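Structure at a glance
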Amino acid sequence: MFKKSLIALSLLVLPLTASANWSAGAGYADLSLEKLSLGAIYGAVAYEFIEEGSKFSLIPELRLGAGISDDKSHSIKVEVERFTALSVRGQYNYDNGFYVYVMPSYANLDLKASFRGASVSDDEWEFGFGAGVGKKLNEKVSVEASFERYDTDTDTDVITVGFKYAF
């Protein structure tokens, strides 16, 4: 029974790995909330589901990031400890290498606020929605930019620029 299950699982997974639709990337995210502007770098991994002959694709993506710039408000230093986002893109690919996409996201922003040696951390998972554009430089490398807004009390905006490498 175990051998039959392993063979069946291999046959199901083989098309996913053989189609070479995986990509990895990195980028910079500018996070704006209230009067603060914070920066983070992130890494991303994604898989593109595309039907043969179609210009439309679905791309689930995971982004993990860490803060690289902080900001102050009334002597309180605020910094990004961690940024995590799960999204699913609906992407339209043009023949000239450009593409546009929309994506609902579910993200977590872990912030740390410090004042006179004391610090407090806060993190929440929030739903958001975004849109972006990209350009394939060749079959493997692309660059892109996006804007996202998250459903928080502070209306968090995220602007990202990054690159992707397909393998």
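Just above sits the structure.
What this report covers is the structure whose coordinates are included nearby. Every value quoted in this text rests on a predicted model; they were computed, and no experiment measured them. (Residues numbered from 1 in each chain as written. Predicted model: local features only at pLDDT ≥ 70, side-chain atom pairs only at ≥ 80, totals over all residues. Heavy atoms only, no water.)

Considerations on the environment of Val-45
One can find Val-45 in strand S2 (residues 36-47). Looking at Val-45, the relative accessible area reads 37%, which means it is partly exposed. Apart from residues no more than four positions distant in its own chain, Val-45 is found in contact with Trp-22, Ser-23, Ala-24, Pro-60, Glu-61 and Leu-62. (Helix = DSSP H or I, 4+ residues; strand = E, 2+ residues; numbered from the N terminus. Buried < 20%, exposed > 50% of the residue type's maximum accessible area, 1.4 Å probe, protein only. Contact = heavy atoms within 4.5 Å.)

Regarding the packing of aromatic side chains
Counted according to the given criterion, the structure contains six aromatic pairs. Measuring from ring centre to ring centre gives 4.9 Å for Trp-22 and Tyr-47, while their planes differ by 65 degrees; the resulting arrangement is edge-to-face. You can see Trp-22 sitting in strand S1 (residues 22-33) and its partner Tyr-47 sitting in strand S2, a full 25 residues away along the chain. For Trp-22, a relative accessible area of 36% translates into the label partly exposed. Given a relative accessible area of 8%, Tyr-47 falls into the buried group. With a centroid separation of 5.1 Å and an interplanar angle of 20 degrees, the aromatic rings of Tyr-106 and Trp-125 are classed as stacked. Of the two residues, Tyr-106 is situated in strand S7 (residues 98-115) and Trp-125 in strand S8 (residues 118-136); the sequence distance between them amounts to 19 residues. Its relative accessible area of 31% is what places Tyr-106 among the partly exposed residues. An aromatic cluster is present here, built from Trp-22, Tyr-47 and Phe-49 joined pairwise through their rings. (Phe/Tyr/Trp six-rings, centres within 6.5 Å; stacked < 30°, edge-to-face > 60°.)

Things to note about the side chain of Lys-164
With respect to the helices, strands and loops of the structure, Lys-164 is situated in strand S10 (residues 156-166). Within polar-contact distance, the side chain of Lys-164 engages the side chain of Glu-61 at 2.2 Å. (Polar contact = N/O pair within 3.5 Å; in protein donor to acceptor, adjacent residues only side chain to side chain.)

Quick notes on the pattern of salt bridges
Applying the stated rule across the entire model yields 11 salt bridges. For Arg-82, the salt bridge is made with Asp-110, and the minimal N-O distance between the two is 3.5 Å. Of the two residues, Arg-82 is situated in strand S6 (residues 76-93) and Asp-110 in strand S7; the sequence distance between them amounts to 28 residues. Lys-164 serves as the salt-bridge partner of Glu-144, at 3.7 Å between the closest nitrogen and oxygen. Taken as a pair, Glu-144 in strand S9 (residues 141-150) and Lys-164 in strand S10 lie far apart in primary sequence, 20 residues in all. The same class applies to Glu-144 as to Lys-164, namely buried. In this structure, a network of salt bridges that share partners links the residues Glu-61, Arg-63, Arg-89, Glu-144, Glu-148 and Lys-164. (Salt bridge = Lys/Arg side-chain N within 4 Å of Asp/Glu carboxyl O.)

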